[in-house]
Amino acid sequence: MADRQAFGKVQEYLESTDLPIEIIADKTGFGTASNLRMQFRARFGVSPQSFRKSFGE
């Protein structure tokens, strides 16, 4: 999956599901939760958890 598509799916899962980061990482090709967290923070400047919380408020 291309980076842009993968990050788009990650954002979609974070916004619309309660799936654990580990499952999202697996479903989107990032492999591990730590890899997803590191790449997500590098790209967006926030952790996946912080990104998800911004939609719950």
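I will try to describe carefully the structure that is included in this document.

## Here's the deal with the packing of aromatic side chains
Next, step 1: Within the structure shown, the criterion is met by six aromatic pairs.
Next, step 2: Where F7 meets F40, the ring centres are 6.5 Å apart and the plane angle is 55°; that geometry is what we call tilted. You can see F7 sitting in helix α1 (residues 3-16) and its partner F40 sitting in helix α3 (residues 33-44), a full 33 residues away along the chain. Each of the two residues, F7 as well as F40, counts as buried.
Next, step 3: Put simply, the rings of F7, F30, F40, F44, F51 and F55 touch in pairs and so form one group of aromatic residues.

## Concerning the packing of α1 against helix α4 (residues 48-56)
Next, step 1: Where α1 meets α4, the closest approach of the two axes is 8 Å, and the angle between their N-to-C directions is 50°. Relative to α4, the element α1 is oriented oblique. As for how α1 packs across α4, the hand of that crossing is right-handed. Across the interface between the two elements, Q11, Y13, L14 and E15 from α1 touch P48, F51, R52 and F55 from α4.
Next, step 2: In terms of residue class, the contact of α1 with α4 is built from five nonpolar, one polar and two charged.

## Structural notes on the environment of Y13
Next, step 1: Along the chain, Y13 turns up in helix α1.
Next, step 2: C-alpha of Y13 to C-alpha of G45: the two residues are 32 residues apart in sequence and 18 Å apart in space.

Reading guide: rules and limits
- Residues numbered from 1 in each chain as written.
- Predicted model: local features only at pLDDT ≥ 70, side-chain atom pairs only at ≥ 80, totals over all residues.
- Heavy atoms only, no water.
- Phe/Tyr/Trp six-rings, centres within 6.5 Å; stacked < 30°, edge-to-face > 60°.
- Helix = DSSP H or I, 4+ residues; strand = E, 2+ residues; numbered from the N terminus.
- Buried < 20%, exposed > 50% of the residue type's maximum accessible area, 1.4 Å probe, protein only.
- Axes fitted to C-alpha atoms, helices over the stretch in contact; angles between N-to-C directions.
- Parallel < 35°, antiparallel > 145°, perpendicular 65-115°, else oblique.
- Left-handed = near helix turned anticlockwise from the far one by under 90°.
- Contact = heavy atoms within 4.5 Å.
- Nonpolar A, V, L, I, M, F, W, Y, C, P; charged D, E, K, R; others polar.

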